[in-house]
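Tertiary structure, described
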Amino acid sequence: MELSRRTVIAGAAAAGLTAAAVGGTAHAAGGRKPVKELFGKLGDGTKVYRWSLENGGTRMKVLSYGGIVQSLEVPDRRGRYANVSLGFDNLDDYVASSPYFGALIGRYGNRIDKGRFTLDGTAYQLSVNDGENSLHGGAQGFDKRVWDVEPFAEGSDVGLRLHYTSVDGEMGYPGTLRAKVTYTLTRDGDWRIDYEATTDKATVVNLTSHVYWNLAGESSGTIYDHELSIAASRFTPVDKGLIPTGELAKVAGTPFDFRRAKPVGRDIRSAHEQVLFGQGFDHNWALDKGITGRPEHAATLRDPSSGRSLRISTNEPGLQFYSGNFLDGTLVGTGGRVYRQGDGLCLETQHFPDSPNQPTFPSTVLRPGETYRTTTVHSFGS
């Protein structure tokens, strides 16, 4: 019989066993604040800290630089821990060559066509950093900023509150945006992200997280045998520059049909035009649930070899599934091995890419007096 992670931990606690007996060091039972240590310094001398936190059998390490999740450890069906997120073991690599490993993304997750949009009759030109397009907030997005971090331990939860103020005109975006992102580890080991933002001028905002997942463990090989389901009947096709055409296409009969779980690699070599454009999957799925008042199921990922699973719930209308197509063997991960194509995948909850230029897509406009709020919950199992 396969035991879930929570069953193993609860059973050990009832028997008075130490956490080491179920595959690891002590778990926080709630109430223990995250631990802070110096991780490195930027070129200008700014200190970057790493925070370690654990709860409910989940362990995380988070950097003040970019709000980066440097590692996230969960047990397999036998209670053995592994880091299931891709990343680096040093700050220099994050600064020099990171493809957004584990980072907080803003002001706008995903692509904006040619880095341009018009809002209330005013045209804005953003930082262009992906060919002729703007990607993930531009050349110096939120992933490259040092966040103020406040640890907390409240009731059975532990976590971090991250704050960053993006000034008017930063990367071309209008308005001073005050962002607050809360990472919470719950007593059940769920990782919850609550995003908030306010502005003093009409702007656009689309925050997300860019963790690369490999539930078999980082540096273990490709994720092509991972089984993925996405609760979406439609996706947003793109042009050669990976900008949405504006269409909401049906997934039925295409490689993009993940309504029932299937291996990620099953159709990744398909000759379908959209797969060729993305060199794999790098597309937004329009979730059937749409925008919801509370987080609802969006996707489930499972690794058959370890038994680990990840269930994602969100109140966002979209999910960008990126299958790690551009990992090219030039980056060395925390496990000391190079990352190659398909060694990790991203499941980014979001509004749709290029929404500021697509009037039929859900709006990403935020105005003074309003508060941007969105939540995503990652639930782990084994």
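Now for a quick tour of the structure.

Our focus in this paragraph is the nonpolar core. One finds Tyr183, Trp191, Trp213, Ile230, Trp285 and Phe321 to be the most contacted residues of the largest nonpolar core, which totals 58 residues. No other element matches strand β13 (residues 177-185), which puts 5 residues into this core. Filtering out sequence-adjacent residues up to four positions away, Trp285 remains in contact with Ile230, Ala232, Arg234, Phe235, Val251, Phe256, Phe258, Pro317, Gly318, Leu319 and Phe321. With 21 residues, the next largest nonpolar core counts Phe101, Leu135, Leu331 and Tyr339 among its residues.

All chains considered together, the criterion is met by 25 aromatic pairs. When the ring of Phe256 is compared with that of Trp285, the centres are 5.6 Å apart and the planes differ by 40°; the resulting orientation is tilted. Taken together, the residues Phe256 in the loop between β19 (249-250) and β20 (262-263) and Trp285 in strand β21 (residues 282-286) connect sequence positions 29 residues apart. On the basis of an interplanar angle of 85° and a centroid distance of 5.7 Å, the ring pair of Phe258 and Phe321 is categorised as edge-to-face.

Once that is clear, we can look at the pairing of strand β1 (residues 35-41). Bridging between β1 and strand β2 (residues 47-55) involves 6 bridges; their strand directions are antiparallel. Across the sheet, Val35 pairs through a bridge with Ser52, a residue of β2. Adjacent in sequence and paired antiparallel, β1 and β2 are bridged by 5 residues, among which Gly45 carries a positive phi angle near 95°.

It is worth spelling out empty space enclosed by the protein at this point. One pass over the structure, following the stated rule, counts 2 cavities of 30 Å³ or more. Within this model, the largest cavity holds a volume of roughly 50 Å³. Ile193, Tyr195, Thr208, Ser209, Val211, Trp213, Leu347, Glu348, Thr349, Thr376 and His378 are the residues that line the largest cavity. In terms of residues, the lining of the largest cavity owes the most to one element, strand β27 (residues 346-350), which gives 3 residues. Broken down by class, the residue content of the lining of the largest cavity amounts to 5 nonpolar, 5 polar and 1 charged. Taken as a whole, the second largest cavity encloses approximately 40 Å³ of empty space. In this structure, the second largest cavity is lined by Gly106, Arg107, Gly137, Gln140, Gly141, Phe142, Ser166, Glu170, Met171 and Tyr173.

Rules behind the numbers
- Residues numbered from 1 in each chain as written.
- Predicted model: local features only at pLDDT ≥ 70, side-chain atom pairs only at ≥ 80, totals over all residues.
- Heavy atoms only, no water.
- Core = buried A, V, L, I, M, F, W, Y, C linked by side-chain atoms within 4.5 Å.
- Buried < 20%, exposed > 50% of the residue type's maximum accessible area, 1.4 Å probe, protein only.
- Helix = DSSP H or I, 4+ residues; strand = E, 2+ residues; numbered from the N terminus.
- Contact = heavy atoms within 4.5 Å.
- Phe/Tyr/Trp six-rings, centres within 6.5 Å; stacked < 30°, edge-to-face > 60°.
- Pairing = 2+ DSSP bridges.
- 1 Å grid on protein atoms, 1.4 Å probe; cavity = no way out; pocket = protein on both sides within 12 Å on 5 of 7 lines; lining within 4 Å.
- Points joined across faces, edges and corners; volume = space filled by probe spheres on them.
- Nonpolar A, V, L, I, M, F, W, Y, C, P; charged D, E, K, R; others polar.

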